[in-house]
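# Observations on the three-dimensional arrangement
Okay, here's what each chain looks like letter by letter:
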Amino acid sequence: MIQTETPHIDNPKQSFTALVAGLAAMSGPEGMTLREIRDELDERGFGLMILILAIPCLVPALYGVPQIVGIPILLLAGQMLAGRIEPWLPEAVLKRRVSKAWLDRMADFATKRMGWFERLSRPRLTLFTVGWAERVVALFMILATVTIVLPMTNTVPSVALTLMAVGLIQRDGLFVLAGAAVATGWATALATVAVGFYVGAGWAVSLIARFAG
């Protein structure tokens, strides 16, 4: 009788697309829990977990998933901000199961659509990816995540999260800066629209009151 071993991610030099594909390959019919995913990742755990959680949110006008994954992303970014070395998630979150179909879709997306991220990224401007800079990046990740949970506005902040996560994984400061710029620009745009609605609504109410009076 021939025994087969369960695939295992054990190469710290493995590319992030290969790591995502490896998670799908080793998952059983019921998928994997977030605990199992976390335990399979190497020292790049924060960036990889945030990347894995952000990938499904790249789908335009998605509702439901961003609101669910936003919580663990906020927790992970908060730990980075606090200077924690290894990711920690509450037991209730770690027990959440990612389906086999979802893992397969993430692996397919990462392999087919994110290869150019990997080809373009490389270690550069590394001072923006280590030490104090990681905590600053965490702030921008929190900013992006706050906007990702708003209905129908998930794609742009997900791009920001993806760029920053890849930047941390690959130690590419240019990607980190690009992601921070996207997050800031998107948050500013949403704030401008919100202020415009508020001012416009106030003006409309005062105008109606003037004519009614």
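Above this text sits the structure in question.
Model, not experiment: these values are computed from the prediction.

A word on the overall build of the protein. Along the backbone of the protein there are 10 helices and two strands. In sequence order, the secondary structure elements of the protein are arranged as α-β-α-α-α-α-β-α-α-α-α-α. Burial analysis of the protein (213 residues in total) assigns 41% to the buried set. Counting only contacts in the protein whose residues sit at least 6 apart along the sequence, the fraction spanning at least 24 positions is 73%. Carbon and sulfur atoms make up 66% of the accessible area of the protein, which amounts to about 11600 Å² in all.

Time to look at a nonpolar patch on the surface. Among the surface-exposed residues, Leu-125, Leu-174 and Leu-177 lie close enough to one another that they form a single nonpolar patch of about 240 Å² accessible area. Mapping Leu-125 onto the fold places it in the loop between helix 7 (115–120) and helix 8 (132–148).

What follows covers helix 6 (residues 100–113). Between its first and last C-alpha atoms helix 6 spans 19 Å; for 14 residues at 1.5 Å apiece the expected length is 20 Å, and the two agree. Turning to helix 6, its buried residues number three or more, namely Leu-103, Met-106, Ala-107 and Ala-110. Each buried residue of helix 6 sits inside an arc of 100° when the element is viewed along its axis, so together they form one side. Opposite its buried face, helix 6 presents the exposed residues Arg-105, Lys-112 and Arg-113, each directed more than 90 degrees away.

Take the pattern of salt bridges next. Overall, the coordinates contain three salt bridges when judged by the stated rule. Lys-100 is the salt-bridge partner of Asp-104, the closest N and O atoms lying 3.7 Å from each other. With Asp-104 and Lys-100 both in helix 6 and four residues apart, the pair spans about one turn of that helix.

Looking now at the side chain of Thr-162. Checked against the element boundaries, Thr-162 lands in helix 9 (residues 155–170). In terms of polar contacts, Thr-162 uses its side chain to reach the backbone carbonyl oxygen of Ser-158, at 2.8 Å.

Once that is clear, we can look at the nonpolar core. Ile-37 and Met-141 are the most contacted members of the largest nonpolar core, which has 52 residues in total. Excluding its chain neighbours within four sequence positions, the residues that come into contact with Met-141 are Ile-50, Ala-77, Met-80, Leu-161, Met-164, Ala-165 and Leu-168.

This next bit is on the environment of Ser-99. When you line up the elements, Ser-99 lands in the loop between strand 2 (97–98) and helix 6. Residues Ser-99 and Met-32 lie 67 residues apart in sequence; the distance between their C-alpha atoms is 6.6 Å. Setting aside chain neighbours within four positions, we find Ser-99 in contact with Glu-30 and Gly-31.

Attention now moves to the packing of helix 4 (residues 65–82) against helix 8. One can describe the packing of helix 4 onto helix 8 by two numbers: an axis separation of 8 Å at closest approach and a directional angle of 160°. Classified by the interaxial angle, the pair formed by helix 4 and helix 8 is roughly antiparallel. Helix 4 and helix 8 meet at a crossing whose hand is left-handed. For the pair helix 4 and helix 8, contact is made by Pro-66, Gln-67, Gly-70, Ile-73, Leu-74, Ala-77, Gly-78, Met-80, Leu-81 and Ala-82 and by Glu-134, Arg-135, Ala-138, Leu-139, Met-141, Ile-142, Thr-145 and Ile-148, respectively. Tallied by class, residues from the contact of helix 4 with helix 8 come to 12 nonpolar, four polar and two charged.

Its 18 residues give helix 4 an end-to-end C-alpha distance of 26 Å, which sits within 8% of 26 Å, the value for a rise of 1.5 Å per residue. By the largest-angle criterion, Ile-71 marks the main kink of helix 4, which is about 25°, and a proline, Pro-72, follows within four residues. Those residues of helix 4 not exposed but buried are Pro-66, Val-69, Gly-70, Pro-72, Ile-73, Leu-76, Ala-77, Gln-79 and Met-80. Those residues of helix 4 that are buried lie in contact with helix 3 (45–54), helix 5 (91–94), helix 6, helix 8 and helix 9.

Calculation rules
Residue positions are given per chain, counted from 1 along the sequence in the order it is written. Side-chain atom pairs in this predicted model are given and counted only at pLDDT of 80 or more, local residue features only at pLDDT of at least 70, and totals for whole chains, interfaces and linings cover all residues. Based on all heavy atoms of the structure, the side-chain values leave hydrogens and waters out of the count. Helix and strand assignments come from DSSP, with helices taken as H or I runs of at least 4 residues and strands as E runs of at least 2, each series counted from the N terminus. Relative accessibility under 20% of the residue-type maximum defines a buried residue, over 50% an exposed one, and the middle range a partly exposed one, all with a 1.4 Å probe and only protein chains included. A contact between two residues is defined here by any heavy atoms of the two lying within 4.5 Å. Note on areas: Shrake-Rupley, 1.4 Å probe, and residue coverage restricted to the protein chains presented here. Excluding any residue in a salt bridge, patches collect residues exceeding 30% relative accessible area, merging like charges within 9 Å and nonpolar Val, Leu, Ile, Met, Phe, Trp and Tyr side chains within 5 Å. We define a salt bridge as a side-chain nitrogen of Lys or Arg found within 4 Å of a carboxyl oxygen belonging to Asp or Glu. Expected helix span is given by 1.5 Å per residue-to-residue step, counting one fewer step than there are residues. Note that the arc is defined by the directions from the helix axis to the C-beta atoms. Counted as a polar contact is a pair of N or O atoms within 3.5 Å, where, for protein atoms, one must be capable of donating a hydrogen and the other of accepting one, and residues adjacent in sequence contribute only when both atoms are in side chains. By nonpolar core we mean a set of buried residues, namely Ala, Val, Leu, Ile, Met, Phe, Trp, Tyr and Cys, connected to one another through side-chain atoms within 4.5 Å. The angle between two axes is taken between their N-to-C directions and runs from 0 to 180 degrees, where each axis is a line fitted to C-alpha atoms and a helix contributes only its stretch in contact. Reported orientations rely on four angle classes, namely roughly parallel under 35 degrees, roughly antiparallel over 145, roughly perpendicular from 65 to 115, and oblique for the rest. The sense of a crossing depends on the near helix, which, turned anticlockwise from the far helix by less than a right angle, makes the crossing left-handed and, turned clockwise, makes it right-handed. Residue polarity follows a fixed list, in which Ala, Val, Leu, Ile, Met, Phe, Trp, Tyr, Cys and Pro are nonpolar, Asp, Glu, Lys and Arg are charged, and the others, Gly among them, are polar. One fitted axis covers the seven residues ending at a residue, a second covers the seven starting there, and the bend at that residue is the angle between these axes.

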